[in-house]
Amino acid sequence: MFLVSQLMQMSTLSFESLCLEDDDPSTKLRRGLEEDLDADLDDDETLGSTSVADVYLQACKLLGVVPVSSFIRNLDSPTMTLSHYGLGPLGCKALAIALVSDMHINTLELADNDIQAEGAKDLAEMLKANFTIQHLDLSNNHLHSSGAEHVGKMLLDSFSLKSIKLSGNGFIDDDAKYFAEAFSVNVSIKELDLSHNKFCGRGGEYLGLLLANAEHLEVLNLCWNQLRMKGAVAFCAGLKVNTMLKHLDLSWNGFGNEGALAVGEALKSNHTLVHLNLNNNRITNEGVSMLCRGLEYNDTLRVLMVAYNSLTVEGALCLLNMVKKMSKTALEEINICNVLVNETFLNLLEVTCEDHPGLDVQYGGVGGFIAKKPVKRIDPMKVIQDYLDQRKLRLWDFFRNIDKDATMRVSVVDFRNAIQQSSIPLDRFQIEELIQRLDRDGTGMVDYRGLVDTRKQMVQNHRRQLRKVASRQKKEKHKSDRILKTFQSAVEAVTPHGSVVISPGDTRENSTGPHRFSATPLSSWHHIVMSHSGTVSNTSSDHLPMSAGVTPSRFIKSSNLHSCSQPNLLSGSAQSAQARAVRSNPEMGHSKLNQPIVNHLTRSRPALDATQLEINPKKEKKSKAKKDVAKYSKNPKTFKKI
């Protein structure tokens, strides 16, 4: 049997860090099981898998955990499935020690084992020495924030992993920065699963930055998070500039029509995405219309899933009309499996499939209908008033033939006959409605003075209704414009080529190589300057553009990033800039500290013309009089009377 100590010299995990007493009670209770497992192993001279098993058993012995027999039986298999075994942190540690020298396993599935952050740390150390594992599943392991940090370090150091699943680990917004940092360096991961976590608005900013920097990521699963509107808008900014992603799952994020608008804007420029899942996102027919505006410019998307949203046959027709209109569209599958369609949709689908024979639309069935608003009846009082206004008549002129006593009260029968015999365009139902409104007590007498008071009320109600409609339209337009403006700002912030982040106080020359961005949230990025401008401002060396062939440095969160809207933009950052300059160059004297500081985020004022330097004599006299009054108020004795 190989010596365990010789094997562990190849690993960064040493048994010295696992030192437990041999006489531990739990170890003694498991010695019988270990002896049975040793009997089933091959001799040392056969396969190298025996040595891995010996290392695993010895690690389990020292850590006081029960060995998993399935691990030992499947050591020769390329796929190691140990999901739902309840390994815990110590069991994962023993497994990591054994896998350091393994050369067969390329897929490791450890879902639902409660390994926690300690287990993630041990796996990260193991992957520094193991270069055969390419697929790793750590779903539902209660990693949380501390585990996210270890996973981020794992992705920074490992260049053999091709896919990793981190679903259901309780990650929050701030944890996304570790992944954004890692994917600014990692070039091997092609599939990432971050579903069933707790990423919200700020998390969407980090994930958008991740997508902008990820140059090799092809599959991203973000379903069952809480991106909502803000997170979706920030994330789609990264989607707009991404040039590699092919499969994206954003289902169950509840971002509504605003998020659909951002997705549509991203699809106008993204020409690599082929599969998009937008199920269960509270998207209505209006949101689908916004999405279609972006799809009109996209020629690569093949599968679009918008099922289980608030869609009707109107939204389905909008999608189908978009496909019919676009001759170069690549859409092959549209999933609206919960929408009931009608005959109009089926006829349009048949016509569309003639031009696009490969199109497959999954709908819920036939039986849908387009909800028609009921015809709104015109107010009969308004009809009468309009009739009188057109003929320039008064109410008395109209009713004087039947109201001979001039009491402005007539019987219901006379009122009905007068209306029917006139040319007023009222039907029988409107006449009865009018009688009920003018004779509310049912006395049989109509008091048509109410028509005079009603006219003013109708005019007021009409104007109020117009104001409501205009206000609602204005709010909707303002909201859409604000979302688009935020989206464009986010796109400028995450654009990886041709832009750098600047901060007041420092200057740095531009580079000809491609630029990378640090994992700073979009809310703290306060200014963007195009790289073609020559010289830009920055805060730390972490934001330097990386030249080709050079490994980019890791992200270091800078405390000097401020927002333009902060009131202490000059006071704090400028003083810190001077202090850094003095520390970096001791030869600087106090004279430079006394010089005015130039804010690199503001433009200098233009030089004054000669005409602007002329002083108005009237203003000069007024200012001199004010000064004299101020002097007199301070010291009346010294004031000389003129």
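Residues numbered from 1 in each chain as written. Predicted model: local features only at pLDDT ≥ 70, side-chain atom pairs only at ≥ 80, totals over all residues. Heavy atoms only, no water.

Chemist: Sorry if this is basic, but what is going on with the overall build of the chain here?
Modeler: Along the chain, the regular secondary structure elements total 22 helices and 17 strands. The buried share among the 642 residues of the chain stands at 46%. With the model as given, the accessible surface of the chain reaches about 34,900 Å², and the carbon-plus-sulfur share is 52%. (Helix = DSSP H or I, 4+ residues; strand = E, 2+ residues; numbered from the N terminus. Buried < 20%, exposed > 50% of the residue type's maximum accessible area, 1.4 Å probe, protein only. Areas by Shrake-Rupley, 256 points an atom, 1.4 Å probe, with all protein chains shown as cover.)

Chemist: Hey, could you run me through the packing of helix α7 (residues 144-157) against helix α8 (residues 176-183) in this one?
Modeler: The relative placement of two packed helices is expressed as an angle between their axes plus a distance between the axes. One can describe the packing of α7 onto α8 by two numbers: an axis separation of 8 Å at closest approach and a directional angle of 0 degrees. Here α7 is positioned roughly parallel relative to α8, judged by the angle of their axes. Residues S145, A148, E149, V151, G152, L155 and L156 of α7 pack against Y178, F179, E181, A182 and F183 of α8. Across the contact of α7 with α8, the residue classes break down as eight nonpolar, two polar and two charged. (Axes fitted to C-alpha atoms, helices over the stretch in contact; angles between N-to-C directions. Parallel < 35°, antiparallel > 145°, perpendicular 65-115°, else oblique. Contact = heavy atoms within 4.5 Å. Nonpolar A, V, L, I, M, F, W, Y, C, P; charged D, E, K, R; others polar.)

Chemist: Help me understand the packing of aromatic side chains, please; the structure alone is not making it clear to me.
Modeler: We describe a pair of aromatic rings using the distance from one ring centre to the other and the angle between the two ring planes. In total, this model carries four aromatic pairs according to the counting rule given. Judged by centre distance (4.7 Å) and plane angle (55 degrees), the rings of Y56 and F71 are tilted. Taken as a pair, Y56 in helix α3 (residues 49-63) and F71 in helix α4 (residues 69-73) lie far apart in primary sequence, 15 residues in all. The same class applies to Y56 and to F71, which are both buried. Relative to Y363, the ring of F345 has its centre 5.8 Å away and its plane inclined at 75 degrees; by these criteria the two rings are edge-to-face. Placement of the pair is F345 in helix α14 (residues 343-355) and Y363 in strand β11 (residues 360-366), with a sequence separation of 18 residues. For Y363, a relative accessible area of 30% gives the class partly exposed. The ring centre of F429 lies 4.7 Å from the NZ or CZ of R428, which sits over that ring. (Phe/Tyr/Trp six-rings, centres within 6.5 Å; stacked < 30°, edge-to-face > 60°. Lys NZ or Arg CZ within 6 Å of the ring centre and 35° of its normal.)

Chemist: Sorry if this is basic, but what is going on with the sheet that holds strand β9 (residues 303-305) here?
Modeler: What links the strands of a sheet is backbone hydrogen bonding, and the strands pair in either a parallel or an antiparallel sense. Here 11 strands make up an open sheet; going across it, the order is β1-β2-β3-β4-β5-β6-β7-β8-β9-β10-β11 and the pairing parallel. Taken across any chain shown, the strands that pair with only one partner, and hence form the sheet edges, are β1 (79-81) and β11. Each strand of the sheet is rotated relative to its neighbour by a mean of 5 degrees, with strand direction disregarded. Pairing geometry for strand β6 (residues 219-221) and strand β7 (residues 247-249), over three bridges, is parallel. Looking at the pairing, L220 lines up with L248 of β7. (Pairing = 2+ DSSP bridges.)

Chemist: Help me out: how do you make sense of helix α12 (residues 285-295) in this one?
Modeler: The periodicity of an α-helix, 3.6 residues per turn, causes residues three or four places apart in sequence to face the same way. The set of residues buried in α12 consists of G287, V288, M290, L291, C292, G294 and L295. Those residues of α12 hidden inside the fold are in contact with α11 (256-269), β9 and α13 (313-325).

Chemist: Got a minute to help me understand the side chain of S195 in this structure?
Modeler: Assignment of secondary structure puts S195 in the loop between β5 (191-193) and α9 (201-213). Residue class for S195 comes out buried when judged on its relative accessible area of 3%. Within the local environment of S195, its side chain forms a polar contact with the side chain of D193, the two groups lying 2.8 Å apart. Once you skip the residues sitting within four places of it in the chain, S195 turns out to touch L166, S167, G168, N221, L222, C223 and N225. (Polar contact = N/O pair within 3.5 Å; in protein donor to acceptor, adjacent residues only side chain to side chain.)

Chemist: Would you mind going over the confidence of the model for the chain with me for this structure?
Modeler: Low-confidence regions, as indicated by low pLDDT, have predicted coordinates that should not be scrutinised in detail. Averaged over every residue, the pLDDT of the chain is 75; the share at 70 or more is 66%. The low-confidence segment residues 1-34 (pLDDT under 50) makes 47 contacts with residues lying over four places distant or belonging to another chain. Here residues 617-621 scores under 50 on pLDDT; set against residues more than four positions off or in separate chains, the count is one contact. (pLDDT = per-residue confidence, 0-100.)

Chemist: It is not clear to me how the side chain of N242 should be interpreted in this structure. Could you clarify?
Modeler: Residue placement: N242 occurs in the loop between α10 (228-241) and β7. Sequence-distant contacts of N242, defined by excluding residues within four places in its chain, comprise L211, A214, N270 and T272.

Chemist: I keep staring at the pattern of salt bridges and nothing clicks. Help me out?
Modeler: For the structure on display, the rule yields seven salt bridges. Of the charged contacts in the structure, one is a salt bridge between K93 and D122, with a shortest N-O distance of 3.2 Å. Of this pair, K93 sits in helix α5 (residues 88-99) while D122 sits in helix α6 (residues 116-127), and the two are 29 residues apart along the sequence. Judged by its relative accessible area of 17%, K93 falls in the buried class. Using a relative accessible area of 8% as the deciding quantity, one classes D122 as buried. Between D174 and R202 there is a salt bridge; the shortest N-O distance is 2.9 Å. (Salt bridge = Lys/Arg side-chain N within 4 Å of Asp/Glu carboxyl O.)

Chemist: Explain the pairing of β11 here, please?
Modeler: Consecutive residues of a regular strand have side chains that alternate between opposite faces of the sheet. Looking at chain direction, strand β10 (residues 333-341) and β11 are connected through six bridges and run parallel. Within the sheet, the bridge partner assigned to I334 lies in β11 and is V361. With α14 bridging β10 and its parallel neighbour β11, the resulting β-α-β unit is right-handed. (Right-handed = clockwise from strand over helix to strand, strands pointing away.)

Chemist: Is there a simple way to think about the packing of α12 against α13 in this case?
Modeler: As a packed pair, α12 and α13 sit with axes 9 Å apart at the nearest point and diverge in direction by 10 degrees. Between α12 and α13, the angle is such that the two are roughly parallel. Residues N285, V288, S289, C292 and L295 of α12 form the contact with α13, whose own contacting residues are E314, G315, C318, L319 and M322. Its residues placed into classes, the contact of α12 with α13 shows six nonpolar, three polar and one charged.

Chemist: Which parts of the structure should I look at to understand the pairing of β10?
Modeler: The sheet contact formed by β9 and β10 spans three bridges and is parallel. For M305, the partnering residue across the bridge sits in β10 and is N335. After leaving β9, the chain enters α13 and then returns to the sheet as β10, a path that is right-handed.

Chemist: Explain the environment of G208 here, please?
Modeler: Mapped onto the elements of the fold, G208 is located in helix α9. Residue G208 is classed as buried on the basis of its relative accessible area of 0%. Spatially, the C-alpha atom of G208 lies 9.4 Å from that of K240, the residues being 32 residues apart in sequence. Those residues in contact with G208, other than ones at most four positions away along the chain, are A234, F235 and G238.

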